[in-house]
Amino acid sequence: MTTFVLVHGGWHGGWCWRRVTPLLLEQGHDVHTPTLTGVGDRAHLATPSIGLNTHVQDVVAVLELDDLRDVVLVGHSASGAVVRGVAQRCADRLREVVHLDAFVPEPGRSVLDTMSAGRREYFLDMVDDLGRIVHDWDTALDSWAVTDPADRAWVRPRLRPHPIGGLSEPLPHDPVPDLPHRFIHCTVKPGHDSFAGFAAAAADDPKWRLDTIDTGHDAMVTAPSELAALLVT
């Protein structure tokens, strides 16, 4: 039995893992899907003060209060920074850190720091008075290659603006512990692939395992069976 903690990416919430969770549970695994402060069912808690440290603490609290150990910690997209921050603080509770089509910022750098100047400005231009990135949902779904109308109808009403601090606040300068790391690259992209460089770096690093999955960025929505199978291997 493996304990999984699945951390959603930007604009999503713990709800996005609903198609993956039962597939892991039926194999006898333990699954936790926290929602980060300011999004999902915690969107009402959004304030300009929310940052990466808030989101790291959200996950650390789950590990500590549920006394989870030997955890496979999975971070999707922007939560690549979150899981690295959690590893900096709770390495003794982790078995493996998995980046699911996720950003991999180095200590002292933020998610925005890993982007091109144009992409960074694109997100900064969408920030509202509450410090949230307010995306156009159909544009977002297109960029994530969520094309099936039923999938779009399920995802769209659940998306919420994402606190900019989760992307702009850098990781602490502390080193990321030498834990097993894995990158799962989702290969179906309608335009520029923001994660190809991280996948290439993982392929060249003997400390990382690289897997690929032939689906769009939101693999937990568009290819839950394939994703669940990868997570348990």
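Structure's up top.
Below: a short report on this structure. (Residues numbered from 1 in each chain as written. Predicted model: local features only at pLDDT ≥ 70, side-chain atom pairs only at ≥ 80, totals over all residues. Heavy atoms only, no water.)

This next bit is on the pattern of salt bridges. Counting across every chain of the model gives 15 salt bridges. A salt bridge links Arg152 to Asp138, with the shortest nitrogen-to-oxygen separation between them at 3.2 Å. Placement of Arg152 in helix α6 (residues 149-155) and of Asp138 in helix α5 (residues 137-143) is noted, with a sequence separation of 14 residues between them. The exposure class assigned to Asp138 is partly exposed, which follows from its relative accessible area of 35%. Through salt bridges that share partners, Glu96, Arg182, Arg209 and Asp211 make up one connected network. (Salt bridge = Lys/Arg side-chain N within 4 Å of Asp/Glu carboxyl O. Helix = DSSP H or I, 4+ residues; strand = E, 2+ residues; numbered from the N terminus. Buried < 20%, exposed > 50% of the residue type's maximum accessible area, 1.4 Å probe, protein only.)

Pairing within the open sheet is parallel, and its six strands lie in the order β2-β1-β3-β4-β7-β8. A strand with exactly one partner marks an edge of an open sheet, and here the two such strands are β2 (30-32) and β8 (208-213). Adjacent strand axes in the sheet meet at a mean angle of 20°, parallel and antiparallel pairs treated alike. Where helix α3 (residues 79-90) meets the sheet, its contacts fall on β1 (3-7), β3 (71-76), β4 (94-100), β7 (181-186) and β8, and the angle it forms with β3 comes to roughly 150°. Sheet strands touched by helix α8 (residues 196-204): β7 and β8. Its angle to β7, the strand with the most contacts, is close to 140°. (Pairing = 2+ DSSP bridges. Axes fitted to C-alpha atoms, helices over the stretch in contact; angles between N-to-C directions. Contact = heavy atoms within 4.5 Å.)

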